[in-house]
Amino acid sequence: MHLNDERLRLAYGSVLEARTDGSRRSHPEPEALVALAERSGSEAVRLEVLDHVMTCDTCRRELDLVRASLSAAGLPRQRR
C-alpha cells in the first residue's frame, strides 16, 4: 500500500468516526457522496445531498476525501 493510500484510508476512517458523534441530524450515506462527486444518479437527490454538504463541515470533509479518492483512482466518470 502506498503512503498516500494509507493516509486517505486513515483520513476517511476519522471522518466516519465523526459521523457517529450523535449529531442532531442525519448525514447522507457515503454512496450518495460518491454519486455527487461522480455526477451520477438523480439530479434531485444530488442537489439535496449538496445542500446538506454545504451546511455540514463533517460531510464537506468527507466529500473532499471522496473526491480525492476518485481522483487518485483516475475518476470521476463523465456524466452520461
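Heads up: the structure comes first, above all this text.
Owing to the predicted nature of the structure, the values given are computational and were not obtained by experimental measurement.

Draft legend 1. Layout of the overall build of the protein. Helix and strand counts for the protein stand at four helices and zero strands. Each of the 80 residues in the protein was classed as buried or not, and the buried ones make up 26%. For the protein, restricting intrachain contacts to residue pairs at least 6 apart in sequence, the fraction spanning at least 24 positions comes to 65%. Within the structure as shown, the protein displays about 5,800 Å² of accessible surface, and the carbon and sulfur contribution to it stands at 51%.

Draft legend 2. Structural context of helix 2 (residues 30–38). Within helix 2 the residues assigned to the buried category are Leu 33, Ala 35, Leu 36, Ala 37 and Glu 38. Of the residues flanking the end of helix 2, it is Arg 39, one or two places downstream, whose phi is positive at about 60°.

Draft legend 3. Just the environment of Leu 47, in detail. Along the polypeptide, Leu 47 turns up in helix 3 (residues 43–55). As a C-alpha pair, Leu 47 and Leu 36 span eleven residues in sequence and 8.2 Å in three-dimensional space.

Draft legend 4. Just the packing of helix 3 against helix 4 (residues 57–72), in detail. It is at 5 Å that the axes of helix 3 and helix 4 come closest, and there the two elements cross at 115°. When the axis of helix 3 is compared with that of helix 4, the two are roughly perpendicular. In this structure, the crossing between helix 3 and helix 4 has a hand that is left-handed. Across from His 52, Val 53, Met 54 and Thr 55 in helix 3, the residues of helix 4 making contact are Asp 57, Cys 59, Arg 60 and Leu 63. Of the residues in the contact of helix 3 with helix 4, the class split is four nonpolar, two polar and two charged.

Draft legend 5. Seen up close, the environment of Glu 48. Considering the arrangement of structural elements, one finds Glu 48 in helix 3. Considering only alpha carbons, one finds Glu 48 and Ala 32, 16 residues apart in sequence, at a separation of 9.9 Å.

Draft legend 6. Representation of the nonpolar core within the structure. Within the largest apolar cluster, ten residues are counted, these being Leu 33, Leu 36, Ala 37, Val 49, Val 53, Cys 56, Cys 59, Leu 63, Val 66 and Leu 70. Breaking this core down by element, the ones donating at least two residues are helix 2, helix 3 and helix 4.

Calculation rules
Residues numbered from 1 in each chain as written. Predicted model: local features only at pLDDT ≥ 70, side-chain atom pairs only at ≥ 80, totals over all residues. Heavy atoms only, no water. Helix = DSSP H or I, 4+ residues; strand = E, 2+ residues; numbered from the N terminus. Buried < 20%, exposed > 50% of the residue type's maximum accessible area, 1.4 Å probe, protein only. Contact = heavy atoms within 4.5 Å. Areas by Shrake-Rupley, 256 points an atom, 1.4 Å probe, with all protein chains shown as cover. Axes fitted to C-alpha atoms, helices over the stretch in contact; angles between N-to-C directions. Parallel < 35°, antiparallel > 145°, perpendicular 65-115°, else oblique. Left-handed = near helix turned anticlockwise from the far one by under 90°. Nonpolar A, V, L, I, M, F, W, Y, C, P; charged D, E, K, R; others polar. Core = buried A, V, L, I, M, F, W, Y, C linked by side-chain atoms within 4.5 Å.

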